[in-house]
Amino acid sequence: MIRMNAAQQGGVAHRILPRAGRAIAACSLFGAMAFGVSDAYGGDARTSFDGDEGGRSVFAGALRQASPALFKMLDEWSSFLEEAAAARPSAEELRASLALSEDYRGSFSHGPKPAEYQKYIVLHDTEGSADAASVISWWDASGNGVAAHFIVNKDGSIVQCVSLDEIAHHAGFGDTGHNAAFGVEDESRDDKVGTTPIGDWASDYGMNSYSIGIEMVHRGGEGDYPEEQLQSLDALIAYIDAYYGFKSEIIDHKAWRTGNSDTSPEFASYFANYKECRAHEAP
Ligand SMILES: [Zn+2]
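Being a predicted model, the structure only gives us computed values, none of them experimental.

Check the secondary structure of the chain and you find 10 helices and six strands. Out of the 283 residues in the chain, the part that is buried amounts to 30%. If you take every contact in the chain between residues at least 6 apart in sequence, the share linking residues at least 24 apart comes to 75%.

Buried within helix α6 (residues 132-142) we find Ala132, Val135, Ile136 and Trp139. Buried positions in α6, seen along its axis, are confined to an arc of 100° and lie on one side of it. Positive backbone phi, at 80°, marks Gly143, one or two positions downstream of α6.

To continue, consider unusual backbone geometry. A cis amide bond, omega 0°, links Asp262 with the succeeding residue Thr263. Counting through the fold element by element, Thr263 comes out in the loop between α9 (253-256) and α10 (268-277). A positive phi angle, close to 60°, is found at Glu127, a residue other than glycine. Structurally, Glu127 is set in the loop between β2 (120-125) and α6. One non-glycine residue, Arg278, lies in positive phi territory at about 60°. Structurally, Arg278 is set in the segment after α10.

Counting 45 residues, the largest nonpolar core has Ile151, Val152, Ile214 and Leu236 as the members making the most contacts within it. For this core, the secondary-structure elements that each account for two or more residues are β2, α6, β3 (150-152), β4 (158-160), β5 (211-216), α8 (227-244), α9 and α10. Broken down by element, the residue count for this core peaks at eight residues, all from α8. In contact with Leu236, other than residues within four places in its own chain, are Leu98, Phe150, Val152, Ile158 and Ile214.

Among the six residues that make up β2, six are buried, leaving the element largely enclosed by the rest of the structure. Residue alternation in β2 divides its side chains into two sets, Tyr120, Val122 and His124 and Ile121, Leu123 and Asp125, and both sets are buried. As defined by bridge partners, β2 adjoins strand β6 (residues 249-252) across four bridges and the pair is classed as parallel. Bridge pairing in β6 places Tyr120 opposite Glu249.

So, about the sheet that holds β3. Spatially, six strands are ordered β1-β4-β3-β5-β2-β6 in an open sheet, and the strand pairing comes out mixed. Two strands close off the open sheet at either side, each with one partner strand: β1 (100-102) and β6. Within the sheet, the average angular offset between the axes of one strand and its neighbour, ignoring direction, is 25°. Here β3 pairs with β5 via three bridges, running parallel. Residue pairing in the sheet places Ile151 in a bridge with Glu215 of β5.

With respect to the helices and strands, the residue Ala282 is situated in the segment after α10. The class of Ala282 is exposed, set by 10 C-beta atoms lying within 10 Å.

Here we come to the environment of Phe246. Mapped onto the secondary structure, Phe246 falls in the loop between α8 and β6. Taking the number of C-beta atoms within 10 Å as the measure of exposure, Phe246 has 10 and is therefore exposed.

Here we come to the confidence of the model for the chain. Per-residue pLDDT for the chain averages 82, and the proportion of residues at 70 or more is 75%. Low confidence marks residues 1-55, where pLDDT is under 50. Its contacts with residues over four positions away, or in another chain, come to 53 contacts.

Moving on, we come to the environment of Asp175. Following the sequence through the fold, Asp175 ends up in the loop between β4 and α7 (178-182). C-alpha separation for the pair Asp175 and Arg257, spaced 82 residues apart in sequence, amounts to 5.4 Å. Here Asp175 is in contact with Trp201, Ala202, Asp204, Arg257 and Thr258, once residues within four sequence places are set aside.

What counts, and where the lines are drawn
Residues numbered from 1 in each chain as written. Predicted model: local features only at pLDDT ≥ 70, side-chain atom pairs only at ≥ 80, totals over all residues. Helix = DSSP H or I, 4+ residues; strand = E, 2+ residues; numbered from the N terminus. Buried ≥ 20, exposed ≤ 12 C-beta atoms within 10 Å, placed from the backbone. Contact = placed C-beta atoms within 7 Å. Arc of directions from axis to C-beta. Core = buried A, V, L, I, M, F, W, Y, C linked by C-beta atoms within 7 Å. Pairing = 2+ DSSP bridges. Axes fitted to C-alpha atoms, helices over the stretch in contact; angles between N-to-C directions. pLDDT = per-residue confidence, 0-100.

Below is the structure:
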């Protein structure tokens, strides 16, 4: 198992963050000294760097004389970057750590979603107690093409229904004006097969084209989410982040369409933590 628990992640952060602070200080000092040296030699520092060999050695010599400690700090910056890269599992490793199975159906994919269009992770509740397999069968039989990319069962097992590189119809129509508010105006990649307009108040359909949808098996009002389910959600979000190489904004479905029930009130404190630190518990 490669997945780090919260304590391990905290340990890595504790170890490398102070060094990151020193490294940033080193970079600031380096910048300040570069300007200082350029003044002393009557030209700009960049010209000295890019110019002849003599210019470079004069520049380097001045820096070494001025602060040997600077080079030590820059070495630390380099080793900090190496350690940070080594401590971060790859997307493949994170995916392999999930209790994940795949169940792709032809009716669930609605067009290409290249990485440059990824912006949001939308959290949903299934609003029922049926497990992922039953939900997927129901979706497929419905004929309206609805599905999310992932369903997280109460026991923490996950079923993926749609590739991360394809559009799924999980968010549906949002409030009129939300395409612009969320920066999801381009609906042209979505085939919109199976969609049915729900009224002038909710005419925007851009969110699916810019997001990953995650359903948690949960019915609002039935009590807390099991720890296994929340830990799986943590790990799934970490995998999605690693897959894209950036942190998508986490929203819940009702942010897109006012009046939706999901996610439920029981999720509110977890949702705040996901927004803040991308895990159900604050570190
Ligand atoms: Zn929903």
